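Structure at a glance
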Amino acid sequence: MFGVLAWVFVLLVVASPAAAPVSGAEPVERTAARLDDLMRRITGSVEERRAAELLNYHRVEGGLAACMRAAGRPYRQPPYVSYYQDYTDADLGYGNGSGTVLDSVTAGPRPYRLAAAAFERLRRSGAVEHALAPEDVPAFEACNAPFGHRSYFDADPPAGVRELSGLDGLFAPLAADGAVAAAMRPYQSCMRSKGHPDVGDDRPEYLSTRPAGQIEAAFAADAACRRPAYELAMARVAPALEAWEAGHRAELVAVRQAWRRLVADATPLPR
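Residues numbered from 1 in each chain as written. Predicted model: local features only at pLDDT ≥ 70, side-chain atom pairs only at ≥ 80, totals over all residues. Heavy atoms only, no water.

1. A short note on unusual backbone geometry
- The backbone phi angle of His149 is positive, close to 55°, even though this residue is not glycine.
- With respect to the element layout, His149 can be found in the loop between helix H5 (137–144) and helix H6 (161–165).
- Here His149 falls in the partly exposed class, since its relative accessible area comes to 43%.
- A positive phi angle is found at Leu167, which is not glycine, with a value near 50°.
- With respect to the helices and strands, the residue Leu167 is situated in the loop between H6 and helix H7 (172–175). (Helix = DSSP H or I, 4+ residues; strand = E, 2+ residues; numbered from the N terminus. Buried < 20%, exposed > 50% of the residue type's maximum accessible area, 1.4 Å probe, protein only.)

2. Section: the pattern of salt bridges
- Taken as a whole and assessed by the stated rule, the structure comprises 19 salt bridges.
- The network of salt bridges with common partners includes Glu47, Glu48, Arg256 and Arg260. (Salt bridge = Lys/Arg side-chain N within 4 Å of Asp/Glu carboxyl O.)

3. Focus: the packing of helix H11 (residues 215–247) against helix H12 (residues 249–266)
- Across the interface, H11 lies against H12 with an axial gap of 5 Å and an inter-helix angle of 70°. Relative to H12, H11 is oriented roughly perpendicular. When H11 is examined against H12, the residues Glu245, Ala246 and Gly247 are found in contact with a partner set consisting of Arg249, Glu251 and Leu252.
- Its residues assigned to classes, the contact of H11 with H12 comprises 2 nonpolar, 1 polar and 3 charged. (Axes fitted to C-alpha atoms, helices over the stretch in contact; angles between N-to-C directions. Parallel < 35°, antiparallel > 145°, perpendicular 65-115°, else oblique. Contact = heavy atoms within 4.5 Å. Nonpolar A, V, L, I, M, F, W, Y, C, P; charged D, E, K, R; others polar.)

4. As for the state of the cysteines
- In the structure shown here, the tally under the stated rule is 2 disulfides.
- Between the sulfur atoms of Cys67 and its disulfide partner Cys143 the distance amounts to 2.0 Å. Judged by the sign of its S-S torsion, about -80°, the bond between Cys67 and Cys143 is left-handed. On the criterion of sequence distance, the pair formed by Cys67 in helix H3 (residues 46–70) and Cys143 in helix H5 is long-range, its members being 76 residues apart.
- Cys143 sits in the buried class, given a relative accessible area of 4%.
- Sulfur-sulfur distance for the disulfide between Cys190 and Cys225 comes to 2.0 Å. Residues Cys190 and Cys225 are joined through a disulfide that is left-handed, its torsion about the S-S bond being -75°. Here Cys190, found in helix H9 (residues 187–193), pairs with Cys225, found in helix H11; they are 35 residues apart in sequence, far enough to count as distant. (Disulfide = S-S within 2.5 Å.)

5. Re the packing of helix H2 (residues 28–43) against H11
- At a minimum axis distance of 9 Å, the contact between H2 and H11 shows a crossing angle of 50°. In this view, H2 runs oblique relative to H11, as classed from their interaxial angle. Relative to H11, the crossing made by H2 is left-handed. When H2 is examined against H11, the residues Val28, Thr31, Ala32, Arg34, Leu35, Leu38, Arg41 and Ile42 are found in contact with a partner set consisting of Tyr230, Glu231, Met234, Ala238, Leu241, Glu242, Trp244 and Glu245. (Left-handed = near helix turned anticlockwise from the far one by under 90°.)

6. A few points about the side chain of Glu61
- Within the secondary structure layout, Glu61 lies in helix H3.
- No salt bridge is formed by the buried Glu61. Its closest oppositely charged neighbour is Arg76, at 8.6 Å.
- The contacts of Glu61, once residues within four sequence positions are left out, are Asn56, Tyr75, Gln77, Pro78, His130 and Tyr152. (Lys, Arg positive; Asp, Glu negative; His and termini not counted.)

7. Focus: the side chain of Asn56
- Within the element layout of this structure, Asn56 appears in helix H3.
- A relative accessible area of 10% places Asn56 in the buried class.
- Among the polar contacts made by the side chain of Asn56, one reaches the side chain of Arg59 at a distance of 3.0 Å. (Polar contact = N/O pair within 3.5 Å; in protein donor to acceptor, adjacent residues only side chain to side chain.)

In structure tokens form, the structure reads like this:
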């Protein structure tokens with residue numbers, strides 16, 4: 001999401017002789033945890049995302065209800081249901097669904113299952129498609145126009161989040177690092193050997209569309225086949241994390257403050 005996927009194509013198609021591993025590198029697990037924590041600080045914790053969502057629920061659904069009343073049309077306001085109901089902070093790191101070689105090798109299909117369950121829960125609540133009589137649709141569409149025809153759970157993050165979440169510059173060295181590309185080069189043959197001949201170039205799409213009975217095995221194979229490139233990429237990213245944070249300290253502080261303001265604003269609201 002948020003534009004961090006562009007360089008993964010380079011990692012999959014560019015190959016050159018492998019470089020020596022980084023000596024004295026911190027453990028891969030620690031780097032992954034640091035990267036996940038950085039992404040959560042930018043894109044919000046579960047508490048913070050729910051706060052933004054709840055504020056948006058009252059803004060959008062409250063506005064729709066008031067507008068429909070003014071138009072003399074009936075409107076059933078759906079109950080507030082959180083997209084993030086079953087999420088934990090551990091589910092919101094960079095590695096959970098980034099679509100890159102740095103995807104988590106331990107999360108398995110959980111990110112995909114959470115997203116599918118969340119959308120289905122919202123669909124059942126009536127938040128995705130409002131129940132409207134045909135004669136009420138024109139009024140509803142007019143009332144929804146000021147909200148961009150977006151559902152309340154499609155809440156905008158604070159200013160600066162989208163720009164920061166791209167981690168601009170942090171991964172640029174990886175795009176030019178032939179060793180990482182070379183480590184990823186055997187991925188498809190490895191997946192074929194594990195019974196996944198159709199993985200293709202779009203591994204997130206392949207993984208997310210596996211049948212229920214195959215998804216665990218597919219994610220396990222992906223983690224095993226991607227691990228050499230994953231570990232090398234993490235070793236390359238580790239030394240740059242501290243400098244990236246130092247270079248964006250003011251923006252990070254502003255985003256953190258904005259998220260906490262949303263939590264404060266949402267606390268007294270009914271759910």
